[in-house]
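One-letter residues, chain by chain:
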Amino acid sequence: MQDIKQYIEQHKQRLLDELFELLRFPSVSADPKYKPDVLKTADYVAKKLSEAGADNVEICQTAGYPIVYGEKIIHPSKPTVLVYGHYDVQPPDPLELWKTPPFEPTIRDGKIYARGACDDKGQFYMHVKAFELMMQNDTLPCNIKFMIEGEEEVGSNNLGIFVKGNKEKLKADVVLISDTSMISMEHPSLETGLRGLSYLEVEVTGPNRDLHSGVYGGAVANPATILAKMIASLHDENNHVAIPGFYDEVIALTDAERKELNAAPYNEEEYKKDLDVTELWGEKGYTTFERTGTRPTLEVNGIWGGYIGEGAKTVLPSKASAKISMRLVPNQGSEKITQLFTDHFLKIAPASVKVKVTPHHGGEPAVTPTDSIAYKAAQLAITESFGKAPIPTRGGGSIPIVSLFEAELGIKTVLMGFGLDSDALHSPNEKYDIFNYYKGIETIPLFHKYFAELSR
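Small disclaimer: the values here were computed from a predicted structure and weren't measured.

Cut-offs used in this document
- Residues numbered from 1 in each chain as written.
- Predicted model: local features only at pLDDT ≥ 70, side-chain atom pairs only at ≥ 80, totals over all residues.
- Heavy atoms only, no water.
- Helix = DSSP H or I, 4+ residues; strand = E, 2+ residues; numbered from the N terminus.
- Rg over C-alpha atoms; globule rule 2.2 N^0.38 Å.
- Buried < 20%, exposed > 50% of the residue type's maximum accessible area, 1.4 Å probe, protein only.
- Pairing = 2+ DSSP bridges.
- Axes fitted to C-alpha atoms, helices over the stretch in contact; angles between N-to-C directions.
- Contact = heavy atoms within 4.5 Å.
- Core = buried A, V, L, I, M, F, W, Y, C linked by side-chain atoms within 4.5 Å.
- Salt bridge = Lys/Arg side-chain N within 4 Å of Asp/Glu carboxyl O.
- Phe/Tyr/Trp six-rings, centres within 6.5 Å; stacked < 30°, edge-to-face > 60°.
- Lys NZ or Arg CZ within 6 Å of the ring centre and 35° of its normal.

Novice: Any chance you could explain the overall build of the protein chain here in plain terms?
Specialist: Counting its regular elements, the protein chain contains 14 helices and 21 strands. A compact globule built from 456 residues should have a C-alpha radius of gyration of about 23 Å, and the protein chain, at 23 Å, falls within 12% of that. Seen through its C-alpha atoms, the protein chain measures out along the principal axes to roughly 80 × 50 × 45 Å. Per-residue burial for the protein chain yields a buried fraction of 52% across its 456 residues.

Novice: Which parts of the structure should I look at to understand the sheet that holds strand E15 (residues 319–328)?
Specialist: By definition, the strands of a sheet pair up through backbone hydrogen bonds, in either a parallel or an antiparallel sense. Taken in spatial order, the four strands line up as E13-E15-E11-E16 in an open sheet, and their pairing is antiparallel. Only two strands of the sheet have a single partner each, and these edge strands are strand E13 (297–305) and strand E16 (354–363). Within the sheet, the average angular offset between the axes of one strand and its neighbour, ignoring direction, is 15 degrees. With respect to the sheet, helix H7 (residues 223–232) is in contact with strand E11 (196–205), E13, E15 and E16, its orientation differing from that of E15 by roughly 15 degrees. The strands touched by helix H11 (residues 334–347) within the sheet are E11, E13, E15 and E16, with E16 carrying the most contacts at an inclination of about 170 degrees.

Novice: Would you take a moment to explain the nonpolar core for this structure?
Specialist: One recurring pattern in soluble globular proteins is that nonpolar side chains are buried together. Membership of the largest hydrophobic core comes to 71 residues, with the highest contact counts inside it found for Tyr87, Met416, Tyr437 and Phe447. The leading source of residues in this core is helix H14 (residues 434–454), at 10 residues. For Phe447, the residues in contact, after removing those within four places along its chain, are Val81, Val174, Leu176, Ala374, Ala377, Ala378, Ala381 and Met416. Judged by nonpolar contacts, the second largest core, of 24 residues, contains Phe246, Val353, Val355 and Val357.

Novice: Got a minute to help me understand the pairing of E15 in this structure?
Specialist: Strand residues, when the strand is regular, have side chains that alternate between the two faces of the sheet. Judged by how many residues are buried, E15 sits mostly within the fold: seven of 10 residues are covered. The pairing of E13 with E15 spans eight bridges and is antiparallel. From the neighbouring strand, Thr297 faces E15, where its bridge partner is Arg327.

Novice: Sorry, what's going on with the pattern of salt bridges here?
Specialist: Opposite charge on two side chains permits them to pair, given that their charged atoms come into close proximity. Summed over the entire model, instances satisfying the criterion amount to 23 salt bridges. In this structure, Lys48 engages Glu18 in a salt bridge whose closest nitrogen and oxygen atoms are separated by 3.9 Å. In this pair, Lys48 is assigned in helix H3 (residues 35–52) and Glu18 in helix H2 (residues 12–23), connecting sequence segments 30 residues apart. Lys48 sits in the buried class, given a relative accessible area of 8%. A salt bridge links Lys272 to Glu269; the nearest nitrogen and oxygen atoms lie 3.2 Å apart. Of this pair, Lys272 and Glu269 both sit in helix H9 (residues 268–275), three residues apart, which is roughly one turn of the helix. Connected via shared salt-bridge partners are Arg14, Glu18, Lys48, Glu51, Lys129 and Glu132.

Novice: What is the right way to look at the packing of aromatic side chains in this model?
Specialist: For any pair of aromatic rings, geometry is given as the distance between the ring centres together with the angle between the planes. Across all of its chains, the model carries 11 aromatic pairs by this definition. Taken together, a centroid distance of 5.6 Å and an interplanar angle of 65 degrees make the contact between Tyr266 and Tyr271 edge-to-face. Owing to a relative accessible area of 31%, Tyr271 belongs among the partly exposed residues under this scheme. Linked through ring pairs, Tyr266, Tyr271 and Phe289 together constitute an aromatic cluster. Sitting over the face of the ring of Phe386, Lys439 holds its NZ or CZ atom 5.1 Å from the ring centroid. Geometry around Tyr450 places Lys449 over its ring, the cationic atom sitting 4.0 Å from the centre.

Novice: Sorry if this is basic, but what is going on with the sheet that holds strand E21 (residues 431–433) here?
Specialist: Spatially, three strands are ordered E4-E5-E21 in an open sheet, and the strand pairing comes out antiparallel. Both outer strands of the open sheet, strand E4 (106–108) and E21, are each paired with one neighbouring strand and no more. Ignoring which end each strand starts from, the neighbouring axes of this sheet average 30 degrees apart. For strand E5 (residues 111–113) and E21, the ladder comprises three bridges, and the chain directions are antiparallel. The residue of E21 that forms the bridge with Lys111 is Asp433. The sheet strands contacting H14 are E4, E5 and E21, and the helix crosses E21 at an angle near 60 degrees.

Here it is, written out as structure tokens:
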């Protein structure tokens, strides 16, 4: 541990400068106008992997954005860790809400503000620098492979094809991912599961053109009004999702599981204060931890239609649209839920409008075993680094490739994230604590150490 701390202290500024350089690339995979920048980011990641000591570094082309691969095989008999991360980021919009430019990293109060600071550039780059540290100190105890992709924020559509076609290249004993959060640095935690995802877009069309609301209002169905009513009907009075069959495969937690989950530190007043809300909302009969980690949800991610510019325009819109995501829990399949939603949404549409549902992407929920060698190695690493054992939690987000790795490579994943739920992921002013960044670089070599020892 002393050697690890000493290396980080000696190279502290450089480690930060390199992360800042990475964060300056606007690698937004969702918007084609950023394509040159996304490709430059892949080049940068490959360069840094090579400089850190990785062999066989490749920029593997796909039908979309490339996957950066690198490895260090110290001996075939040693266990192998496959590190996964992603170098693409969410769009920075709305830009006017950023206090500083999203792709010009800025430090305020010990925190790095930039798009991708936590999700996932800051977190995956910890692994690159931890690998560099182990190579420089000659302490790498196991084989390591890196697979850093550029399409996670748009559904990882080409990753499955790559994994299926490169099973031997990616052969490993465990996948290690830092793309999740801890409760806090005072209460370190390890996520033991992730929700799945069904993401789609709906469009409601009424008249063949926008109409004068004075001339036609009251005589023709307004698509914006109809869409609002349809969306409102998707939850009942107890905030349950009101789609027939939605909960059919959901497995309820046992009393013991609920007790363990809710044992984690939680202050509802601080939670509300952080979000500037006076009351929480959710499925009746469940706690905040249960609602955000173990129960399925349906949320509107965006809604639009008609005139939204400055001033007034009395228009009855021809179309209205929304983007909707559903977070899924174990046993729920994304394809089935997408179909259930589609069938239901079409069924509840009145004859006065036409409705179109377009699926975008999905992913399956995943649960990681807490009795595996890899999970125990993560526990030991965090305990040594933080001075206390991590609390097991369930993550509310989705990393669809976790279930892909298990299905195609036959290996489980350890979710060892160092972000915080308050890091404004996918929002303006995304941040990542400098302390967390260095703490990750400190902890990751300990994971490899314990994983090698426990695998003997």
